[in-house]
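# Structure at a glance
Listed below, chain by chain, are the residues.
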Amino acid sequence: MAGSRSPFKNPLLKGFDERLPVLRAVHHSMTAHAYPKNLNYWWNFGSIAGIMLMVMILTGLFMAMHYKPSVEEDTYGINQAFRSVEHIMRDVKGGMFLRYLHSVGASFFFIAVIFHMFRGMYYGSYKAPREVLWILGCIILILMMGISFLGYSLVWGVMSFAAAEVITQVFTAIPVLGDGILVLLRGGEDVDDALLNRFFALHFLLPFVLAGVVILHILTLQTVGSNNPLGIDLKSKKDTVSFHPYYTFKDIFGLSVFFTIYLAVVAWAPERLAEAINNQPTDYNLPSHIVPEWYLLPFYAILKVFTWDLNLFGLVITGKQLGALAMAGSLGILFLLPWLDTSPVRSGRFRPVFKIFFWGFAVCCVILALVGAQTSGEAFFIPTPFGRLPLGFDGGNGFVWGSTQQWGVLFTGYYFAYFIVILPVLGLFERPKQLPASISEPVLA
Amino acid sequence: MAGTPTDVANPDRRNFIVLSTMAMAGIGAASAGVALVRTMTPTRDVAGGGTIEVSLDGIAEGSGIVATSGRKKYSVRRRTSAEIEAAVAGDADKLRHQETDAERVQRPEWLVLRLQCPHLGCPPQGTAAGEKRGEFGGFFCPCHNSQFDTSGRIRKGPSPANLPVPKYFFASDEMIVIGKEA
Ligand code: HEM
Ligand code: FES
């Protein structure tokens, strides 16, 4: 790129670009790459996620100008951190809007990224040559989860404290080093001022690290090119269009729809996705029912459903360790997806059996989220607009058939089976439908 | 490219210089890393918990009180004779975390525990008489259903260990000090 010639005619632009070739890099990335001409609306979520990242960084930066990471309590027993968040909400001009853009924004950022990932899983976008692209995406997901956990703690409300307390404890599952790591994370034995300060520092820094990974993600994309709904390679110029104006406008349209919904929630239902109890400053007591934010629920479910020990020829892995391992594994296994799916066909459109298991996986994630939100020992139910649909009942003697925990174990099983058993085996036995010869040619009848 | 180790007069000498420079830089980076991580360790003012005195006066048999020291919570529970018997009888069972009741109490009547579930740290219920105590009549962790017996030992649920017994001693018959040994 630096060796290429400047595309600009305006002498001022040209002169600048010849001294610092960043303009040509932007110009190049907008015009030089051929995109498949058949991308559907599922392909909007990447750019939407990128815009959401900018929204988060901007709103966060302006909140950080008012936020105080201190647990010191005033005469009413309210800590400074919580106070400063309330100050943002009540006194700072436009502050309520600012905070809700950020807290609701985190949810919508996840919505965009979740759709984006399921898109990739359905259309096989993780397969060669896009393995690195996929792996960078997995890193982005994990960073986002960490960043939101850190941000959620900053409010120092009842649930913030619970999250910080419980999630840092997960590290004590690590043999030998665990307790030391806990103290290092917390800056003391307890969740206190030291922890809040370092969480703020990290919550400020990591989004910029995330932005760096996003840039790498886009660089790999521009190198290997976009996948498309048919999952076949580009054959000729007839299969492609340029990004601008075709996809700039398609993206702007999708973004407008997405933002309409996002801003409607910010305006009219900003607490809809939040836990009301976090609007109370923490008194350092844990509430009896602890739930994370909705986007972390499936992983929290996988963490908590293991209640028995595993004895591997004398080596005992405790339920707590199993839970921590499974949770780490549920994220780790995403990295291996490109090699676990053995089918040469990318798009789920041409894989009749895969489709069934794929939607099963989507349902599995929803069920796990419900498991994460409900109490382990009680009968599991599905919330519907018409009331609870029970999937378990009390069997007497303190035993529950179909408890939240049992459903959780079942679907944790499906989650892992999807990657370790179903995808590898399916690729060997499934007979895919006939693929079209190219994007521009209709399917042979 | 000019200047790569292959086209210098004495490649061995060049390799040696390159490697030792890299080793030095590596040592430098590692020690900077150690120094940075060290700044994350607890400072003097937060390290080491304090002690608290808990008066045993007025704690009815079968009940108890929760005492707080800094952010830590302790349960001081006065057991009934039936609860003590159940705890001692439990010694014979196969336990996940094998400990006898005698190892866990100084005086059988008084059970002193740190209220922190070894699973993920929630405070178990069951100290005061009216609270939920679970199937074994001891303590119950509402977070993920760990059930503890009347000695605070894990009997059912995800906790990998018994509720921890803190350091404590009887200053008198009416008073214990939690946080250090006599
Ligand atoms: C990847 C981008 C980010 C995500 C996913 C994220 C997520 C979150 C979440 C979930 C909260 C808790 C919201 C609530 O319950 O009120 C939060 C709070 C906060 N964040 Fe972020 N954040 C991001 C970027 C940033 C950045 C870059 C900054 C600073 C430059 C920042 C500063 C803050 C502050 C000061 C708070 C406390 C105020 C509040 O809770 O509303 N955030 N963040
Ligand atoms: S924290 Fe007590 S059972 Fe999980």
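Basis of the calculations
- Residues numbered from 1 in each chain as written.
- Chains lettered and ligands numbered in written order.
- Predicted model: local features only at pLDDT ≥ 70, side-chain atom pairs only at ≥ 80, totals over all residues.
- Heavy atoms only, no water.
- Helix = DSSP H or I, 4+ residues; strand = E, 2+ residues; numbered from the N terminus.
- Rg over C-alpha atoms; globule rule 2.2 N^0.38 Å.
- Buried < 20%, exposed > 50% of the residue type's maximum accessible area, 1.4 Å probe, protein only.
- Contact = heavy atoms within 4.5 Å.
- Areas by Shrake-Rupley, 256 points an atom, 1.4 Å probe, with all protein chains shown as cover.
- Domains from an automatic or database assignment.
- Buried area = accessible area lost by both parts, 1.4 Å probe.
- Salt bridge = Lys/Arg side-chain N within 4 Å of Asp/Glu carboxyl O.
- Polar contact = N/O pair within 3.5 Å; in protein donor to acceptor, adjacent residues only side chain to side chain.
- Nonpolar A, V, L, I, M, F, W, Y, C, P; charged D, E, K, R; others polar.
- Donors = N, O, S within 2.8 Å, 3.2 Å for Na, K, Ca; no water.
- Tetrahedral: all angles 85-135°; square planar, octahedral: opposite > 155°, others 65-115°.
- Near = heavy atom within 4 Å.
- Disulfide = S-S within 2.5 Å.
- Pairing = 2+ DSSP bridges.
- Core = buried A, V, L, I, M, F, W, Y, C linked by side-chain atoms within 4.5 Å.
- Expected span 1.5 Å × (residues − 1).

Attention now goes to the overall build of chain B. If you tally the helices and strands in chain B, you get 3 helices and 9 strands. For chain B, the N- to C-terminal ordering of α and β elements is α-β-β-β-α-α-β-β-β-β-β-β. Relative to its length of 182 residues, chain B is extended, with a C-alpha radius of gyration of 27 Å against a globular reference of 16 Å. In terms of overall dimensions, chain B has C-alpha extents of about 90 × 35 × 25 Å along its principal axes. Burial statistics for chain B: of 182 residues in total, 39% are counted as buried. Within chain B, counting contacts between residues at least 6 apart in sequence, those at least 24 apart form 53% of the total. Here chain B has roughly 9,700 Å² of accessible surface; of this, 57% comes from carbon and sulfur atoms.

Let us look at the domain arrangement of chain A. Each assigned domain of chain A is listed here: domain 1 (1-32), domain 2 (39-290) and domain 3 (297-438). Measuring from the centre of the C-alpha atoms in domain 1 of chain A to the corresponding centre in domain 3 of chain A gives 49 Å.

Moving on, we come to the environment of V421 of chain A. Residues and elements named next belong to chain A. Here V421 is to be found in helix α14 (residues 404-429). Look at V421 and you get partly exposed, because its relative accessible area is 46%. Along the sequence, V421 and S107 sit 314 residues apart, while their C-alpha atoms lie 32 Å from each other.

Turning our attention to the domain arrangement of chain B. Split into domains, chain B comes out as domain 1 (1-41) and domain 2 (47-178). Placing the centre of domain 1 of chain B and that of domain 2 of chain B at their C-alpha centroids yields a distance of 55 Å.

Here we come to the interface of chain A and chain B. On the side of chain B, 26 residues touch chain A, which itself brings 30 residues to the contact. Taken over both partners, the interface formed by chain A and chain B buries close to 2,400 Å², and the fraction arising from carbon and sulfur atoms is 55%. Across the chain A-chain B interface, the total number found is 4 salt bridges. A salt bridge links D309 of chain A to R96 of chain B, with the nearest nitrogen and oxygen atoms 3.1 Å apart. Joining chain A to chain B, the criterion identifies 12 residue pairs in polar contact (both at pLDDT 80 or more). Those elements that place two or more of their residues in the side of chain A that touches chain B are α7 (158-169), α8 (178-186) and α11 (297-304) of chain A. Among the residues forming the side of chain A that touches chain B, the class breakdown is 13 nonpolar, 9 polar and 8 charged.

What follows covers the coordination of the iron atom of ligand 1. A four-donor tetrahedral metal ideally has 109.5 degree angles, and a six-donor octahedral metal ideally has angles of 90 or 180 degrees. Residues and elements named next belong to chain A. Protein coordination at the iron atom of ligand 1: the donors are H102 (NE2) and H203 (NE2), at 1.9 to 2.0 Å from the metal. Relative to the metal, the 6 donor atoms surrounding the iron atom of ligand 1 lie at angles of 86 to 179 degrees, and the coordination shape comes out octahedral. Taken together, the residues span a long stretch of sequence, with H102 in helix α5 (residues 95-122) and H203 in helix α9 (residues 193-224) at a distance of 101 residues. For H203, a relative accessible area of 16% puts it in the buried group.

Further remarks concern the pattern of salt bridges. Summed over the entire model, instances satisfying the criterion amount to 24 salt bridges over all chains. K127 of chain A serves as the salt-bridge partner of D341 of chain A, at 3.1 Å between the closest nitrogen and oxygen. Of this pair, D341 of chain A sits in the loop between α12 (319-340) and α13 (352-373) while K127 of chain A sits in the loop between α5 and α6 (131-154), and the two are 214 residues apart along the sequence. Each member of the pair, D341 of chain A as well as K127 of chain A, carries the same accessibility label: buried. Ionic contacts of the salt-bridge type, sharing partners, join the residues D91, D93, D149, R153 and R155 of chain B into one network.

This brings us to the site of ligand 1. All names here are of chain A. Neighbouring ligand 1 are 26 residues; G60, R99, H102, V155 and H203 lie closest to it. Take H102: an N or O atom from its side chain is 2.7 Å from a nitrogen atom of ligand 1. The biggest single contributor to the shell around ligand 1 is helix α3 (residues 45-64), with 7 residues. Partitioned by chemical class, the residues of the shell around ligand 1 number 19 nonpolar, 6 polar and 1 charged.

Here we take up the state of the cysteines. Simply put, the disulfide is a covalent bond whose two ends are the sulfur atoms of two cysteines. Residues and elements named next belong to chain B. Enumeration according to the criterion identifies 1 disulfide over all chains in this entry. At a sulfur-sulfur separation of 2.0 Å, the disulfide partner of C122 is C143. One quick way to see it: the torsion about the S-S bond of C122 and C143 is about -90 degrees, and its sign makes the bridge left-handed. Here C143 lies in the loop between β5 (139-141) and β6 (146-148) and C122 lies in the loop between β4 (110-114) and β5, a separation of 21 residues in the sequence. Using a relative accessible area of 2% as the deciding quantity, one classes C122 as buried.

Our next topic: the pairing of strand β3 (residues 72-78) of chain B. The two faces of the sheet receive side chains in turn, since in a regular strand these alternate between them. All names here are of chain B. β3 sits mainly inside the fold: 6 of its 7 residues count as buried. Bridge analysis of strand β2 (residues 64-69) against β3 gives 6 bridges, and the strand direction is antiparallel. Residue A67 lies in a different strand from β3, and its bridge partner there is Y74. What sits between the antiparallel neighbours β2 and β3 is a turn of 2 residues, in which G70 has the positive phi angle 60 degrees. Sheet topology places β3 next to β4; 5 bridges connect them, and they run antiparallel. Looking at the pairing, R77 lines up with L111 of β4.

So, about the nonpolar core. Side chains of nonpolar character tend, in soluble globular proteins, to be buried together. Ranked by internal contacts, the top residues of the largest apolar core, which has 78 residues, are F109, M121, Y262, Y415, Y418 and F419 of chain A. When residues of this core are sorted by domain, at least three fall in each of domain 2 (39-290) and domain 3 (297-438) of chain A. Excluding anything up to four places from it in sequence, Y418 of chain A contacts M121, F354, F357, F358, F361 and L423 of chain A. If you look at the next biggest cluster of nonpolar residues, it comprises 45 residues, including A162 and L286 of chain A together with L113 and L120 of chain B.

This part takes up α9 of chain A. Residues and elements named next belong to chain A. Its 32 residues give α9 an end-to-end C-alpha distance of 47 Å, which sits within 8% of 46 Å, the value for a rise of 1.5 Å per residue. Taken residue by residue, α9 has L195, L196, R198, F199, F200, H203, P207, L210, V213, H217, T220 and Q222 as its buried positions. Phi turns positive one or two residues past the end of α9, at G225, with a value near 85 degrees.

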